[in-house]
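# Structure at a glance
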Amino acid sequence: MKSTLIFATNNQHKVDEIKKVIGDAFNIITLKEAGIDIDIPEPHDSLEKNASEKSSVIHKLTNQNCFSEDTGLEVDVLNGEPGVKSARYAGEGKNFQDNIDKLLRNLAVKANRNARFRTVISLVLDDKEYFFEGICEGKIIADQKGNNGFGYDPVFIPNGSNKTFAEMEMDEKTIFSHRRKATDKLIQFLKDHGTH
Ligand code: IMP
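Because the structure is predicted, anything quoted here is derived from the model rather than measured.

Glancing now at the environment of serine 161. Along the polypeptide, serine 161 turns up in the loop between β7 (156-158) and α4 (170-176). Every residue in contact with serine 161, bar those within four places of it in the chain, is listed here: Met168 and Phe176. A polar side-chain atom of serine 161 sits 3.0 Å from the main-chain amide nitrogen of lysine 163.

In structure tokens form, the structure reads like this:
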């Protein structure tokens, strides 16, 4: 029988991207599918701590193996901001567009547009915790392009492409993606660990 892991997120984009990478190697259950309807807080000052908080909340609730991820966009000339605050960059209750607008305003006169997405996965497996990181380097463009994806995808071009993530179909984003790289490490770990 395939191992089951709960993916502790309410973000359907993340579920779609991670399920695409995991395929049918493991049985991934979303919070919704597990019948869990809670907003998990992200109160900490690092991606690692927030990821850890999410997986431990769900582990305590279900006593099942689970994982979560936290992702941030780190912009060099903004000293790594929005980083861990990526979801709430423009303030509580603001949306993806507000966050992009604030980012572009803050970068308006900056020549250095280098940035990276960084994903940290926290896995709780048999009561032990493990971390996996994935990084995608790229740059922030001045005018947003494309309608696919979510978050900052319309202003981020990964190195090695001339399209924003929002101009790519999911298959193409997966080639470059921070989330895919972290998920590859998770899959490899589970296989090495004898989890099928
Ligand atoms: P969190 O991991 O849910 O805290 O995500 C933080 C924020 O980062 C999200 O609300 C998005 O704005 C942004 N984000 C996370 N992953 C991606 C991505 O793959 N593309 C674009 N934006 C992302």
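Residues in contact with the ligand amount to 16 residues; listed here are only the nearest, Lys14, Asp153, Lys173, His178 and Arg179. The side chain of lysine 173 places a nitrogen or oxygen atom 2.9 Å from an oxygen atom of the ligand. The contact in question runs from an oxygen atom of the ligand to an N or O atom on the side chain of histidine 178, over 2.9 Å. The fraction of the free accessible surface of the ligand (480 Å²) that becomes covered by protein chains is 95%. According to the grid-proximity analysis, the pocket containing the ligand is the largest pocket. The set of elements that each furnish at least two residues to the shell around the ligand consists of β3 (66-75) and α5 (178-192). By residue class, the composition of the shell around the ligand is five nonpolar, four polar and seven charged.

It is worth spelling out unusual backbone geometry at this point. Proline 82 follows glutamate 81 through a cis peptide bond whose omega is -5°. Checked against the element boundaries, proline 82 lands in strand β4 (residues 82-83). At asparagine 63, a position not held by glycine, the phi torsion is positive, near 60°. Within the secondary structure, asparagine 63 is located in the loop between α2 (47-62) and β3. Since its relative accessible area comes to 62%, asparagine 63 is described here as exposed. Even without a glycine there, the phi angle at aspartate 127 is positive, about 70°. In this structure, aspartate 127 sits in the loop between β5 (114-125) and β6 (128-140). Judged by its relative accessible area of 63%, aspartate 127 falls in the exposed class.

The next subject is the layout of surface pockets. As a volume, the largest pocket reaches approximately 800 Å³. In terms of lining residues, the largest pocket is bounded by 35 residues, among which Asn11, Lys14, Glu42, Ala87 and Arg88 are the most central. By residue number, the principal contributor to the lining of the largest pocket is β3, which donates five residues. Of the residues in the lining of the largest pocket, the class split is 10 nonpolar, 13 polar and 12 charged.

What follows is about the packing of aromatic side chains. Any pair of aromatic rings gets described here by the distance separating the centres and the angle formed by the planes. This model, assessed by the stated rule, comprises seven aromatic pairs. Taking 4.6 Å as the distance between ring centres and 10° as the angle between the ring planes, the aromatic pair formed by phenylalanine 7 and phenylalanine 67 counts as stacked. Remark: phenylalanine 67 occurs in strand β3 and phenylalanine 7 occurs in strand β1 (residues 4-7); sequence separation between them is 60 residues. The two residues phenylalanine 7 and phenylalanine 67 agree in class, both being buried. Aromatic pair phenylalanine 132 and phenylalanine 189: ring centres 5.4 Å apart, planes at 55°, arrangement tilted. A residue pair is termed long-range when its members are at least 10 positions apart, and phenylalanine 132 in strand β6 and phenylalanine 189 in helix α5 qualify at 57 residues. For the pair shown, phenylalanine 132 and phenylalanine 189 are each scored as buried. These aromatic residues form a ring-pair network of at least three members: Phe117, Phe156 and Phe165. Of note, lysine 102 hangs over the ring of tyrosine 89, and the distance from its end group to the ring centre comes to 4.4 Å. The ring of phenylalanine 165 has lysine 173 lying over it, and the distance from NZ or CZ to the ring centre is 5.1 Å.

Parameters and conventions
Residues numbered from 1 in each chain as written. Predicted model: local features only at pLDDT ≥ 70, side-chain atom pairs only at ≥ 80, totals over all residues. Heavy atoms only, no water. Helix = DSSP H or I, 4+ residues; strand = E, 2+ residues; numbered from the N terminus. Contact = heavy atoms within 4.5 Å. Polar contact = N/O pair within 3.5 Å; in protein donor to acceptor, adjacent residues only side chain to side chain. Near = heavy atom within 4 Å. Areas by Shrake-Rupley, 256 points an atom, 1.4 Å probe, with all protein chains shown as cover. 1 Å grid on protein atoms, 1.4 Å probe; cavity = no way out; pocket = protein on both sides within 12 Å on 5 of 7 lines; lining within 4 Å. Sits in = over half its atoms within 2 Å of the grid points. Nonpolar A, V, L, I, M, F, W, Y, C, P; charged D, E, K, R; others polar. Buried < 20%, exposed > 50% of the residue type's maximum accessible area, 1.4 Å probe, protein only. Points joined across faces, edges and corners; volume = space filled by probe spheres on them. Phe/Tyr/Trp six-rings, centres within 6.5 Å; stacked < 30°, edge-to-face > 60°. Lys NZ or Arg CZ within 6 Å of the ring centre and 35° of its normal.

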